[in-house]
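Here is what each chain is made of, one letter per residue.
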Amino acid sequence: MSEPMTFADARELKAQGDLARFIKTHMSEAQRVAAYRRALVLRYPDLAAKLTESPLRFTAPKHWNGYIPPATWNQAMNTYSGRPVLLALVAEAERRRDQPQETAAELEEAA
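Keep in mind it's a predicted model, so treat the numbers as computed, not measured.

Concerning the overall build of the protein
Then, in step 1: Counting its secondary structure elements, the protein contains 5 helices and 2 strands.
Then, in step 2: Written out in order from the N terminus, the α and β elements of the protein read α-α-α-β-β-α-α.
Then, in step 3: If one aligns the C-alpha atoms of the protein with their principal axes, the spans along those axes are about 55 × 30 × 25 Å.
Then, in step 4: A total of 111 residues make up the protein; the buried ones form 20% of that total.
Then, in step 5: Across the protein, contacts joining residues at least 24 apart in sequence account for 49% of those joining residues at least 6 apart.
Then, in step 6: With the model as given, the accessible surface of the protein reaches about 8,200 Å², and the carbon-plus-sulfur share is 57%.
Then, in step 7: Of the side-chain charges in the protein, 15 are positive and 14 negative, and the distance between the mean point of each set is 8 Å.

Regarding the pattern of salt bridges
Then, in step 1: In this structure the tally under the stated criterion is 6 salt bridges.
Then, in step 2: Connected through shared salt-bridge partners, D46, E92, R95 and R96 make up one network.

Topic: the packing of aromatic side chains
Then, in step 1: One pass over the structure, following the stated rule, counts 0 aromatic pairs.
Then, in step 2: In this structure, R96 is placed above the aromatic ring of Y44, and the distance from its NZ or CZ to the ring centre is 5.3 Å.

What counts, and at which threshold
Residues numbered from 1 in each chain as written. Predicted model: local features only at pLDDT ≥ 70, side-chain atom pairs only at ≥ 80, totals over all residues. Heavy atoms only, no water. Helix = DSSP H or I, 4+ residues; strand = E, 2+ residues; numbered from the N terminus. Buried < 20%, exposed > 50% of the residue type's maximum accessible area, 1.4 Å probe, protein only. Contact = heavy atoms within 4.5 Å. Areas by Shrake-Rupley, 256 points an atom, 1.4 Å probe, with all protein chains shown as cover. Lys, Arg positive; Asp, Glu negative; His and termini not counted. Charge placed at Lys NZ, Arg CZ, Asp CG, Glu CD. Salt bridge = Lys/Arg side-chain N within 4 Å of Asp/Glu carboxyl O. Phe/Tyr/Trp six-rings, centres within 6.5 Å; stacked < 30°, edge-to-face > 60°. Lys NZ or Arg CZ within 6 Å of the ring centre and 35° of its normal.

Below, the structure is given as structure tokens:
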């Protein structure tokens, strides 16, 4: 993972006229990754259903946009209890995706 951007980095990008392009590029990538996560988790009904359970409590699985909060916020650990749950759901969906098709179907039945 790369180092977080500093105010000095932002000032330099702005001075070079590259700040807007930098922001657009990174926002586009973040949206793409969130959409991928969302589609992956919603692919498995049992995992999608967990989005409506505590601590997440989405009113419907489709209301999750795929965003996972960062590990730190304002230089402190992010203590949101839903973050580890979201990470686990995505990890499980990725694990299932990587299984052979018949094994993935058996895993869904067993869950």
